Amino acid sequence: MKKGLMILIVLFLSACSTVKPTVTRYKLLSNDNKKVLNHASKSCSDKTLSIPDSFSLASLKSSEMSYIESDDKIYSYLQARWQESPNSFITLEILKNIRESKLFKTVQSSKSRGKSDFILENGIEDFMQYYDKEKNRLYVKVVITSTLVDTHSKNVVASRTFSSRVEANEISANGGVEALSSALYKVLDKKIEWLEGVCR
């Protein structure tokens with residue numbers, strides 16, 4: 001009886017001390033070392049722009065990192081998480097990149113109490129890693145729709161959808177994150193060029 005009880009205790013302790021797999025938290029690469037467009041547009045140089053939180057699926061507002069296999073099956077990485085939700089990071093990068101472009105006098109978050117002349121609404125329609133059926137290939141897609149609204153007239157000034165697709169150099173969560181970062185900044189560069197044209 002005592003021997004059997006000891007065996008049960010050993011098995012219980014072994015189960016409790018099982019080492020859980022390490023979860024790696026990934027952060028999207030910042031645009032700090034990339035070329036930032038710096039345009040001077042007289043049309044918007046005296047205007048204030050407000051950027052609210054981006055619209056997106058709930059999954060992009062969490063730390064869970066997902067991928068799609070065979071174009072229709074969605075899975076989550078077991079040992080990979082986002083350090084910061086994609087929605088929050090993308091919104092901040094949009095604000096930072098437009099601010100550094102100097103197209104507007106002031107670029108502020110919607111949480112600011114300051115008045116603004118325009119609001120730039122952003123909808124994240126796709127921000128995903130895609131594997132083929134055999135998992136021999138990995139690419140990513142980033143699709144963001146932006147709408148510029150005049151806060152005084154409440155009219156839509158302009159709207160456009162920007163997209164980018166990038167092949168990953170490494171077939172892994174890390175490779176997917178690097179590809180998503182690259183695709184995101186291609187989209188942001190297109191967005192700055194578009195805003196420059198709108199401001200002419």
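Here the structure is a predicted model, which is why all the values come from computation and not from measurement. (Residues numbered from 1 in each chain as written. Predicted model: local features only at pLDDT ≥ 70, side-chain atom pairs only at ≥ 80, totals over all residues. Heavy atoms only, no water.)

So, the overall build of the protein
Part 1 of the argument: Broken down by element type, the protein carries 3 helices and 8 strands.
Part 2 of the argument: When burial is assessed residue by residue, the protein has 44% of its 200 residues classed as buried.
Part 3 of the argument: For the protein, restricting intrachain contacts to residue pairs at least 6 apart in sequence, the fraction spanning at least 24 positions comes to 73%.
Part 4 of the argument: Put simply, the protein shows about 12,000 Å² of open surface, and 52% of that area lies on carbon and sulfur atoms. (Helix = DSSP H or I, 4+ residues; strand = E, 2+ residues; numbered from the N terminus. Buried < 20%, exposed > 50% of the residue type's maximum accessible area, 1.4 Å probe, protein only. Contact = heavy atoms within 4.5 Å. Areas by Shrake-Rupley, 256 points an atom, 1.4 Å probe, with all protein chains shown as cover.)

Digging into unusual backbone geometry
Glycine aside, residues mostly have negative phi angles, and peptide bonds mostly take the trans form.
Part 1 of the argument: A positive phi angle, near 60 degrees, is found at K135, a position not held by glycine.
Part 2 of the argument: Note that K135 resides in the loop between β6 (118-131) and β7 (138-150).
Part 3 of the argument: By relative accessible area, which is 37% here, K135 ends up partly exposed.
Part 4 of the argument: A positive phi angle, near 65 degrees, is found at K154, a position not held by glycine.
Part 5 of the argument: With respect to the secondary-structure elements, K154 resides in the loop between β7 and β8 (156-167).
Part 6 of the argument: When its relative accessible area of 64% is taken as the criterion, K154 is described as exposed.

Things to note about the nonpolar core
Part 1 of the argument: Membership of the largest hydrophobic core comes to 46 residues, with the highest contact counts inside it found for L49, I98, F104, L120 and F127.
Part 2 of the argument: Considering every element that reaches this core, the biggest residue donor is helix α3 (residues 173-199), with 13 residues.
Part 3 of the argument: In contact with I98, not counting residues within four places along its chain, are L49, I51, L103, F104, V107, L120, K191, I192 and L195. (Core = buried A, V, L, I, M, F, W, Y, C linked by side-chain atoms within 4.5 Å.)

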